[in-house]
Amino acid sequence: MIFSVVITTYNRLTLLQRAINSVLNQTIPCELVVADDCSLDGTQDYLKSLSAELSRYDNLPRLVYHRNEVNQGHAATVNAGVKASSGDWIKFLDDDDYLSPNCLEEMGRAIALRKSAAICSCIAAQVDIDGVEKSRTPVVGPGIAYYVPQTDIHYGMLLELVPFGTPVQVACSREAFLQTGGWDVKLTSCDDIDSWIRLAQYGDAIFLNQCLAYRTVWTGGCDRKISLKVRLDTNILMKEKIHALVDEKYRQDILPIEDIKSYLKLHWTIVAFKSRNINSFIKIFDPCILSCHAWRLLLDAILARRLKKYNSYIRKQVLIKA
């Protein structure tokens, strides 16, 4: 199994260098693909120089550099990077994030134990711009690594018990990615989640309870530029897609999509209120948030997080014991 690490970048040369170094320091061989969305900050010259340097050493990754002719956006750049790759599995990486040196080795070890897997995720540390850790995504499920059968994934996603996370946490089968048609270039938010939803139709999911990735949370992050109203609308769209894909054996156990929408509107209304974002609060507010269903779902979600309760219907099978 060969990994292709696909780094998407746009005008972040200093951060990109950190991301690239994390790939060069991996404990197993891999392919490094940098997909550049037409940067104007010297990225192209740097990568040409780096490619020449790497070609002198047999033990370092081969660099594939793709540059968009015009700025096309994040999703299109991800698709271009995957198309330029040649590995069996794709490890996603944004230019402001980076990987633990053993990330690919640990993911590869777990994937080798579950040949039917199509997507793999791990725990990530949230760090500031200087790399200082602030928090981590939670440990979920048994053992060092476990898998969720394909028939259970969308049900778990609907209940928010299956935590794929952001691109720095995720790897997927290249073949499965191409079968899905890649990332949706029309989306301005949740383009990664939309991809995970579709990838989950092509195989099992693997989760590693190991911190193998580092996600930078800072003012320059793309998610900070998206309005709360857009995030709500896209969140609802994702839930509608997941709801439609829940396996037949769980259909009687799931709530109507309208109740789930009410819960999401309540959640984002509270986010707008707590952040004192009055304009977003007015745009998001909907009388449906006053329903008992919405508040019950919100309280259930809070309780589940605090008590770490996980639905018994999700069959989590241990791949690697602690």
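Predicted model, so just to flag it, every value in this text is computed and none were measured.

1. Some points on the packing of aromatic side chains
Applying the stated rule across the entire model yields eight aromatic pairs. Each ring, one from phenylalanine 164 and one from phenylalanine 207, has its centre 5.2 Å from the other, and the planes form 35°; the classification is tilted. Taken as a pair, phenylalanine 164 in the loop between α5 (150–158) and β9 (170–173) and phenylalanine 207 in strand β10 (residues 204–216) lie far apart in primary sequence, 43 residues in all. Both residues of the pair, phenylalanine 164 and phenylalanine 207, count as buried. Taken together, a centroid distance of 5.9 Å and an interplanar angle of 85° make the contact between tryptophan 183 and tryptophan 196 edge-to-face. Taken together, the positions of tryptophan 183 in the loop between α6 (174–180) and α7 (191–199) and tryptophan 196 in helix α7 put the pair 13 residues apart, joining distant regions of the chain. By relative accessible area, tryptophan 183 is classed as buried at 3%. Through a chain of ring-to-ring contacts, the aromatic side chains of Phe92, Phe177, Trp183 and Trp196 assemble into a single cluster. One Lys or Arg, arginine 114, reaches over the ring of tyrosine 147 and ends 3.7 Å from the middle of that ring.

2. Here we look at the pattern of salt bridges
Taken as a whole and assessed by the stated rule, the structure comprises 16 salt bridges. Residues aspartate 96 and arginine 12 are paired through a salt bridge, measuring 3.3 Å at the closest nitrogen-oxygen approach. Of this pair, aspartate 96 sits in the loop between β4 (89–94) and β5 (98–99) while arginine 12 sits in the loop between β1 (3–9) and α1 (13–24); the two residues are 84 residues apart in sequence, bridging distant segments of the chain. Classification of aspartate 96 by relative accessible area gives buried; the value is 7%.

3. Let's talk about the confidence of the model for the chain
Chain-level statistics for the chain give a pLDDT mean of 90 and a share of 93% at 70 or above. pLDDT under 50 marks residues 306–311. Its contacts with residues more than four places away, or in other chains, come to ten contacts.

4. Things to note about α5
With seven of its nine residues buried, α5 lies for the most part within the structure. Buried positions along α5 lie against β8 (145–148), α7, β10, α8 (228–245) and α9 (257–274). The positive-phi residue at the C-terminal boundary of α5 is glutamate 160, with phi of around 60°.

5. Regarding the environment of leucine 159
Structurally, the position occupied by leucine 159 is in the loop between α5 and β9. Taking the relative accessible area as the measure of exposure, leucine 159 reaches 35% and is therefore partly exposed. Considering only alpha carbons, one finds leucine 159 and leucine 187, 28 residues apart in sequence, at a separation of 23 Å.

6. Points about the packing of α5 against α8
The N-to-C vectors of α5 and α8 enclose an angle of 145°; their axes lie 9 Å apart at closest approach. In the crossing of α5 with α8, the sense of the turn from one axis to the other is left-handed. Two secondary-structure elements touch here, α5 through His154, Met157 and Leu158 and α8 through Lys239, Ile242, His243 and Leu245. Among the residues forming the contact of α5 with α8, the class breakdown is four nonpolar, two polar and one charged.

7. Comments concerning the packing of α8 against α9
Between two packed helices, what matters for the description is the angle formed by their axes and the separation of those axes. Where α8 meets α9, the axes come as close as 10 Å, and the angle between the chain directions of the two elements is 155°. Comparing the axis directions of α8 and α9 gives the class roughly antiparallel. The handedness of the crossing between α8 and α9 comes out as right-handed. Taken together, the residues of α9 that come into contact with α8 (itself represented by Leu228, Arg231, Leu232, Asn235, Ile236, Lys239, Glu240 and His243) are Ile257, Ile260, Lys261, Leu264, Lys265, Trp268, Val271 and Ala272.

8. Some points on the nonpolar core
Membership of the largest hydrophobic core comes to 51 residues, with the highest contact counts inside it found for Phe92, Ile153, Phe164, Phe177 and Trp196. Sorting elements by how many residues they give to this core places α9 first, with six residues. Residues within four places of isoleucine 153 in sequence aside, it is in contact with Val148, Val162, Phe164, Ala200, Gly203, Asp204 and Ala205. Formed by 38 residues, the second largest nonpolar core is a distinct cluster that contains Ile7, Leu13, Leu93 and Leu319.

9. So, the pairing of strand β6 (residues 117–127)
Where burial is concerned, most of β6 is hidden: eleven out of the eleven residues are buried. In this structure, β6 lies alongside β10, joined through ten bridges in parallel fashion. The partner of serine 121 across the bridge, within β10, is phenylalanine 207. For β6 and β9, the ladder comprises three bridges, and the chain directions are antiparallel. Within β9, the residue paired with serine 121 across the bridge is valine 170. Counting the residues in the hairpin turn of β6 and strand β7 (residues 133–136) gives five residues, including glycine 131, whose phi is positive at 85°.

Rules behind the numbers
Residues numbered from 1 in each chain as written. Predicted model: local features only at pLDDT ≥ 70, side-chain atom pairs only at ≥ 80, totals over all residues. Heavy atoms only, no water. Phe/Tyr/Trp six-rings, centres within 6.5 Å; stacked < 30°, edge-to-face > 60°. Helix = DSSP H or I, 4+ residues; strand = E, 2+ residues; numbered from the N terminus. Buried < 20%, exposed > 50% of the residue type's maximum accessible area, 1.4 Å probe, protein only. Lys NZ or Arg CZ within 6 Å of the ring centre and 35° of its normal. Salt bridge = Lys/Arg side-chain N within 4 Å of Asp/Glu carboxyl O. pLDDT = per-residue confidence, 0-100. Contact = heavy atoms within 4.5 Å. Axes fitted to C-alpha atoms, helices over the stretch in contact; angles between N-to-C directions. Left-handed = near helix turned anticlockwise from the far one by under 90°. Nonpolar A, V, L, I, M, F, W, Y, C, P; charged D, E, K, R; others polar. Parallel < 35°, antiparallel > 145°, perpendicular 65-115°, else oblique. Core = buried A, V, L, I, M, F, W, Y, C linked by side-chain atoms within 4.5 Å. Pairing = 2+ DSSP bridges.

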